[in-house]
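Fold and geometry: a report
So you can see what is in the structure, the chains are spelled out below.
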Amino acid sequence: MSFTDHELDDGNATARPSGDTASDDSSSNDSAAGESAAGESATPRVRAEATVAPHAGVHTNDSECIELRRLHRFFGDTRAVNDVTFSVGRGEVFGFIGPNGAGKTTSMRILATLDLPSYGDAFVDGFSVVNDPELVRKRLGFMPDSFGTYRDVNCREYLDFFARAYGLVGRERTRRLQWVLDFTGTGGMATKPIRGLSKGMKQRLCLGRALVHDPAVMILDEPAAGLDPRARIELRRMIRELADRGKTILISSHILTELAEMCDAVGIIEQGKLLATGSVEQIQSETQNQSELTLRILNRHDEITESLSRLEDHIAIDNVILDGQFVRFGFSGKPDDQAAIVTHFVTQGFQVAEVTAHKKSLEDLFLQVTEGLVQ
Ligand SMILES: Nc1ncnc2c1ncn2[C@@H]1O[C@H](COP(=O)(O)OP(=O)(O)OP(=O)(O)O)[C@@H](O)[C@H]1O
């Protein structure tokens, strides 16, 4: 069986993973490594001469399975990725969050060896995407944000094609295909033409395609886009299960609350710059006034604001809203500070009937960290 380009419904990069096809069409999923390292030089960067990062092409820290090191990618004046550095530990799920045009897809395409950095390097399982793209591809499964579907083949044939492309043969290929069909729940559709699949089933199939060679690392670009709530929950379950099986996963999404539940750590990117990285809790504790407190006080309502202001020498308090018996305000979120606030009111003779702390969600943090800039 073989596929030709005209059979594709849309762009599909993984079927020809050399990643060295020149294209400046930003709408194409296959625009790739021959593009200009723009703004700096009209000469396309090529793999043999591309590395600027020290230690490129060598094994890095074994506990880090994905590493971006001072990664840059320019398209003309657009700094799509602008000096991004972070790493993802083995077996971790890392959420890549950012508004439209932030640089998520560009970073992921570089990791998938479909594009080259203008400067810097990235490593997958210790291998450089610049110097060792073949070794990277063996270890990596990439699920692009839109993917090619060969209309007239069925699910099994589609997966079989990718299994062959990755060099799987004989019983090993049969065993692997069956595992992927079972794991992704596409087994019942094995002989159904792809054109008849729902969006959710196509996403499962695409995940299966990325899994077929049992890679250590998965790069998933907006895998939940367009899925209904049940399909999203199922996808989340599959991703967590893959991480529990030891796979390292980088996943981008606009559905921030979902990432919070699924990810061990997140990175927030805007206009090509990484603004914050770490666990949601770490980012929360690095962000000032990240918690809110609501007190229900039964007496002396007209003295509450004034009494609260007396705490401000010791504790940063802002956004005070008084509404009848309820006073709501932002504070550091530290347990010691919360205890000090409650003690203050009680010892001053206020009747504190209820205390409610509100942690900021990932969505709140995202809005706080980013500025809404679009490029
Ligand atoms: N091949 C290209 N040629 C020119 N500009 C590009 C190209 N690819 C991406 N860009 C630009 O780089 C910036 C980052 O785009 P990218 O697709 O990486 O963002 P993103 O965070 O994935 O956005 P989205 O969430 O909308 O998919 C955007 O300004 C985009 O227009």
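First, a word on scope: everything that follows refers to the structure included in this document.

What counts, and where the lines are drawn
- Residues numbered from 1 in each chain as written.
- Predicted model: local features only at pLDDT ≥ 70, side-chain atom pairs only at ≥ 80, totals over all residues.
- Helix = DSSP H or I, 4+ residues; strand = E, 2+ residues; numbered from the N terminus.
- Expected span 1.5 Å × (residues − 1).
- Buried ≥ 20, exposed ≤ 12 C-beta atoms within 10 Å, placed from the backbone.
- Contact = placed C-beta atoms within 7 Å.
- Pairing = 2+ DSSP bridges.
- Axes fitted to C-alpha atoms, helices over the stretch in contact; angles between N-to-C directions.

1. A few points about helix H5 (residues 199-211)
For H5, spanning 13 residues, the distance from its first C-alpha to its last is 18 Å, which sits close to the expected 18 Å at 1.5 Å a residue. Every buried residue of H5 is listed here: Gln203, Arg204, Leu205, Cys206, Leu207, Gly208, Arg209, Ala210 and Leu211. At its buried positions, H5 is contacted by strand E6 (140-143), helix H3 (155-165), helix H4 (170-184), strand E7 (217-221) and helix H6 (229-244).

2. Some thoughts on the pairing of strand E8 (residues 248-253)
With six of six residues buried, E8 lies mostly within the body of the structure. Burial along E8 is two-sided: Thr248, Leu250 and Ser252 and Ile249, Ile251 and Ser253, pointing in opposite directions, are all buried. In this structure, strand E3 (residues 93-97) lies alongside E8, joined through five bridges in parallel fashion. From the neighbouring strand, Gly95 faces E8, where its bridge partner is Ile251. Relative to E8, E7 runs parallel, the two being bridged by five bridges. Note on E8: the bridge partner recorded for Val217 is Thr248.

3. Brief notes about the sheet that holds strand E10 (residues 273-278)
If you walk across this open sheet you meet the six strands as E6-E7-E8-E3-E9-E10, and the pairing is mixed. The open sheet has two edge strands with one neighbour each: E6 and E10. With strand direction ignored, the average angle separating the axes of adjacent strands in the sheet is 15°. In this sheet, E10 lies alongside strand E9 (residues 265-270) in antiparallel orientation, the contact comprising five bridges. Counterpart to Gly267 in the pairing with E10 is Thr277. In the packing of H5 onto the sheet, the strands contacted are E6 and E7, and the crossing angle to E6 comes to about 160°. Sitting on the sheet, H6 touches E3, E7 and E8, and the angle it makes with E8 is about 155°.

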